[in-house]
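# Summary of the model geometry
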Amino acid sequence: MKVIGFNGSPHEKGTTWRGMTAVAGELEKAGIEVELVQVGGREIPGCTGCRSCFGTGRCRFDDMVNECAAKLAAVEGIILGSPVYYGGIAGGFKCFLDRLFYLRPHLRLKVGTTVTALRRTGGILAHQQLNNYLNLAEVIIAPAVYWNVIHGNGAEEALQDGEGMMVMRTAGRNMAWLIKSIAAGAVPFPETEPRVMTNFIR
Ligand SMILES: Cc1cc2nc3c(=O)[nH]c(=O)nc-3n(C[C@H](O)[C@H](O)[C@H](O)COP(=O)(O)O)c2cc1C
């Protein structure tokens, strides 16, 4: 069993990473492999809405987004981590996520969680932004005892946020439990129905 995590911070080992490793640590304790992919700091163009991916299944900007979408087919879970920039997720990471999720990757009824890192305030909107991607992809969002937000201005400071670290570990344990429960296969997956797109036209 495997989980992939995308770190949207340009700081490879910053506050976001600290939170993500706390989630990952609990998954690994449960015997689930975790791969953390560094996304922040890479030059990633944003979605242009060309919709060529609808026909080809690939983004016309042939970069790490296509590689990451392919990897998602082979995992049981996903972690999205971002620092807060002006009350929202980091811009470069939004470019990555918009394109990744527009590809409709294989995530239906897989398990996900998020990590939002910030120095002071504005975390809840970024947390919701990350959850929006998971929700629309039919990902089961693992619960925690609080919103998945960790405070600090770097990895060392983040360790001082005892509650934030506890929330991350809880999300990781709950994620592991959900992944294993799904793998046990006690209940078949629900049926799907053809997608309806209503564009609010008369
Ligand atoms: C462009 C920019 C905007 C930021 N905006 C906010 C903000 O709105 N609220 C906040 O609390 N911290 C803000 N910060 C601080 C970062 O969220 C904080 O340092 C965080 O720990 C960075 O995580 P990282 O180490 O994973 O990059 C901002 C930082 C930058 C560079």
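Coordinates for the structure precede this section.
## A closer look at the packing of helix H1 (residues 15-29) against helix H7 (residues 162-184)
One can describe the packing of H1 onto H7 by two numbers: an axis separation of 7 Å at closest approach and a directional angle of 40°. As summarised for this structure, H1 and H7 are arranged oblique, according to the angle between their axes. Where H1 crosses over H7, the two elements pack in a sense that is right-handed. Across from Arg18, Gly19, Ala22, Val23, Glu26 and Leu27 in H1, the residues of H7 making contact are Met165, Met168, Arg169, Gly172, Arg173, Met175, Ala176 and Ile179. Looking at the contact of H1 with H7, its residues break down into eight nonpolar, two polar and four charged.

## Here's the deal with the nonpolar core
The biggest cluster of nonpolar side chains holds 33 residues, and the ones touching the most others in it are Phe6, Ile78, Leu80, Phe96, Leu97, Leu100 and Phe101. Mapped by element, the contributors of at least two residues to this core are strand S1 (2-7), helix H3 (64-72), strand S3 (77-85), helix H4 (91-102) and helix H5 (123-136). With 21 residues, the next largest nonpolar core counts Val3, Met20, Ile79 and Met168 among its residues.

## Topic: the environment of Phe96
As for its placement among the helices and strands, Phe96 is situated in helix H4. Through-space distance from the C-alpha of Phe96 to that of Met64 is 8.7 Å; in sequence the pair is 32 residues apart. Setting aside its immediate chain neighbours within four residues, Phe96 contacts Phe6, Val39, Ile44, Met64, Val65 and Cys68.

## Describing the side chain of Thr116
When you line up the elements, Thr116 lands in strand S5 (residues 111-118). Judged by relative accessible area, which is 0%, Thr116 ranks as buried. With residues near it in sequence (within four places) discarded, Thr116 still touches Ser82, Val84, Gly123, Ala126, His127, Leu130, Asn148, Val149 and Ile150.

## Some points on unusual backbone geometry
Positioned with a positive phi, Tyr86 is a non-glycine residue whose angle comes to about 50°. Relative to the elements of secondary structure, Tyr86 occurs in the loop between S3 and strand S4 (88-89). Despite not being glycine, Arg104 has its phi angle at roughly 50°, a positive value. Along the chain, Arg104 falls in the loop between H4 and S5.

## Focus: a nonpolar patch on the surface
Taken together, the side chains of Ile124, Leu125, Val145, Tyr146, Trp147 and Met166 define a hydrophobic patch exposed on the protein surface, amounting to about 610 Å² of accessible area. Within the secondary structure, Tyr146 sits in the loop between strand S6 (140-141) and strand S7 (149-151).

## Some remarks on the packing of H3 against H4
Direction vectors running N to C along H3 and H4 enclose 50°, while the axes themselves pass 9 Å from each other. In terms of axis orientation, H3 runs oblique to H4. As H3 packs across H4, the resulting crossing turns out to be right-handed. Packed against H3, whose contacting residues are Met64, Val65, Cys68, Ala69 and Leu72, the element H4 presents Phe96, Arg99 and Leu100 at the interface. The residue makeup of the contact of H3 with H4, split by class, is seven nonpolar, no polar and one charged.

## A look at the pairing of strand S2 (residues 33-38)
In the sheet, S1 pairs with S2 via six bridges, with the strands oriented parallel. If you follow Val3 over to S2, its bridge partner there is Val34. Taken together, S1, H1 and S2 form a β-α-β motif whose crossover is right-handed.

## Thoughts on the site of the ligand
In the vicinity of the ligand, 17 residues are found, and the nearest of them are Ser9, Thr16, Arg120, Gly152 and Asn153. Take Asn153: an N or O atom from its side chain is 2.6 Å from an oxygen atom of the ligand. Alone, the ligand offers 640 Å² of accessible surface; in the complex the protein occludes 77% of this. Only H1, S3 and S5 provide two or more residues apiece to the shell around the ligand. Residues of the shell around the ligand, tallied by class, amount to six nonpolar, nine polar and two charged.

Cut-off values and rules
Residues numbered from 1 in each chain as written. Predicted model: local features only at pLDDT ≥ 70, side-chain atom pairs only at ≥ 80, totals over all residues. Heavy atoms only, no water. Axes fitted to C-alpha atoms, helices over the stretch in contact; angles between N-to-C directions. Helix = DSSP H or I, 4+ residues; strand = E, 2+ residues; numbered from the N terminus. Parallel < 35°, antiparallel > 145°, perpendicular 65-115°, else oblique. Left-handed = near helix turned anticlockwise from the far one by under 90°. Contact = heavy atoms within 4.5 Å. Nonpolar A, V, L, I, M, F, W, Y, C, P; charged D, E, K, R; others polar. Core = buried A, V, L, I, M, F, W, Y, C linked by side-chain atoms within 4.5 Å. Buried < 20%, exposed > 50% of the residue type's maximum accessible area, 1.4 Å probe, protein only. Patch = residues over 30% accessible without salt bridge, like charges linked within 9 Å, V, L, I, M, F, W, Y side chains within 5 Å. Areas by Shrake-Rupley, 256 points an atom, 1.4 Å probe, with all protein chains shown as cover. Salt bridge = Lys/Arg side-chain N within 4 Å of Asp/Glu carboxyl O. Pairing = 2+ DSSP bridges. Right-handed = clockwise from strand over helix to strand, strands pointing away. Near = heavy atom within 4 Å. Polar contact = N/O pair within 3.5 Å; in protein donor to acceptor, adjacent residues only side chain to side chain.

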